[in-house]
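# Observations on chain architecture
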Amino acid sequence: MAAQPAPPVTQQVGRARGCGERPEPGELREASRCLVQDGDGRSIPFKALYGEQKAIVLFVRNFLCYTCKEYVEDLAKVPQSFLQEANVRLIVIGQSSYHHIKPFCNLTGYTHEMYVDPQREIYKTLGMKRGEGNNVSVRSPHVKSNALLGSIRSTWRAMTGPAFDFQGDPAQQGGALILGPALTGT
């Protein structure tokens, strides 16, 4: 008998001052024209991810970030049947080379859609912050490691990976959007 999937975490974990603001229509229109790459390096417009169906789009900091890894591990537990029933896509976007998508999916068990914005054009256009300037201390139920252990594991993965790099800008912050056909910004 197959084990039941863990229930999804639905708790709001906090909001830093200035976060949670909707992108301006012009910003979203500009971002919609930016290209993302899939795990095979094929480029598609960002708008194609949500132009015909509602999508939950999560922008992660980088693929070595231990909090992002643990968050994506939790996202991997969302059954595809739940998404199909809700008629929604679950999409993670990173900001590294597309070469890192498949190894990160294998590491986290994530089987839903994943893309990259290697030049961080969408991140920049939508005003996602850079740096660690968050003074709010919030304990997320998605993050299981403490800062020291998480950082050591991330460094180890960087050193033992096939290409020693940060798999994205380590100072880039992420974000989340719910987008759909009526929210295309065009």
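I will try to describe carefully the structure that is included in this document. Here the structure is a predicted model, which means the values were calculated and not measured.

### Section: the nonpolar core
- Within the largest apolar cluster, 19 residues are counted, with the highest numbers of intra-cluster contacts made by Phe46, Leu49, Val57, Phe59, Ile93, Ile122 and Leu126.
- For this core, the elements supplying multiple residues, two or more each, are α1 (25-32), β3 (54-59), β4 (88-94), α5 (121-125) and β6 (175-179).
- In terms of residue count, the dominant contributor to this core is β3 (3 residues).
- The contact partners of Ile122, leaving out residues within four places of it in the chain, are Ala31, Cys34, Val36, Phe46, Phe59 and Asp117.

### Digging into the packing of aromatic side chains
- What the rule picks out here adds up to 4 aromatic pairs.
- Seen from their ring centres, Phe59 and Tyr123 are 5.2 Å apart, and the 75° between their planes marks the pair as edge-to-face. Linking Phe59 in strand β3 with Tyr123 in helix α5, this pair joins segments that are 64 residues apart in sequence. Of the two residues, Phe59 and Tyr123, neither departs from the other in class, the shared state being buried.
- Measuring from centroid to centroid gives 4.5 Å for Phe63 and Phe104, while their planes differ by 25°, and the two rings are stacked.

### Things to note about the pairing of β4
- The buried fraction of β4 is high, at 7 of 7 residues.
- Burial along β4 is two-sided: Val88, Leu90, Val92 and Gly94 facing one way and Arg89, Ile91 and Ile93 facing the other are all buried.
- Where β3 and β4 come together, 6 bridges link them in parallel fashion. Within β4, the position partnered with Val57 by the bridge is Ile91.

### Quick notes on unusual backbone geometry
- The phi angle at Asn87 is positive, at roughly 55°, despite the residue not being glycine.
- Counting through the fold element by element, Asn87 comes out in the loop between α3 (80-86) and β4.
- Despite not being glycine, Arg120 has its phi angle at roughly 60°, a positive value.
- Locating Arg120 in the fold gives a position in the loop between β5 (113-116) and α5.

### As for the environment of Tyr50
- By the element assignment, Tyr50 lies in the loop between β2 (43-45) and β3.
- Residues Tyr50 and Gly180, 130 residues apart in the sequence, show an inter-C-alpha distance of 4.9 Å.

### With respect to helix α4 (residues 101-108)
- Within α4 the residues assigned to the buried category are Ile101, Phe104, Cys105 and Thr108. Buried residues in α4, looked at end-on, bunch into an arc of 100°, giving them a common side.
- In the segment just after α4, Gly109 is the residue with positive phi, at about 80°.

### Some details on the side chain of Thr125
- Summarising the element assignment, Thr125 is placed in helix α5.
- In contact with Thr125, not counting residues within four places along its chain, are Glu27, Glu30, Ala31 and Cys34.

### Details of the pattern of salt bridges
- Within the structure shown, the criterion is met by 6 salt bridges.
- Note that Asp40 is salt-bridged to Arg42, the shortest N-O span being 3.2 Å.
- Judged by its relative accessible area of 42%, Asp40 falls in the partly exposed class.
- One salt bridge connects Asp40 with Lys102, and the closest N-O pair in it is separated by 2.6 Å. Here Asp40, found in the loop between β1 (35-37) and β2, pairs with Lys102, found in helix α4; they are 62 residues apart in sequence, far enough to count as distant.
- Using a relative accessible area of 45% as the deciding quantity, one classes Lys102 as partly exposed.
- Each of Asp38, Asp40, Arg42 and Lys102 takes part in a single network of salt bridges with overlapping partners.

What counts and what doesn't
- Residues numbered from 1 in each chain as written.
- Predicted model: local features only at pLDDT ≥ 70, side-chain atom pairs only at ≥ 80, totals over all residues.
- Heavy atoms only, no water.
- Core = buried A, V, L, I, M, F, W, Y, C linked by side-chain atoms within 4.5 Å.
- Buried < 20%, exposed > 50% of the residue type's maximum accessible area, 1.4 Å probe, protein only.
- Helix = DSSP H or I, 4+ residues; strand = E, 2+ residues; numbered from the N terminus.
- Contact = heavy atoms within 4.5 Å.
- Phe/Tyr/Trp six-rings, centres within 6.5 Å; stacked < 30°, edge-to-face > 60°.
- Pairing = 2+ DSSP bridges.
- Arc of directions from axis to C-beta.
- Salt bridge = Lys/Arg side-chain N within 4 Å of Asp/Glu carboxyl O.

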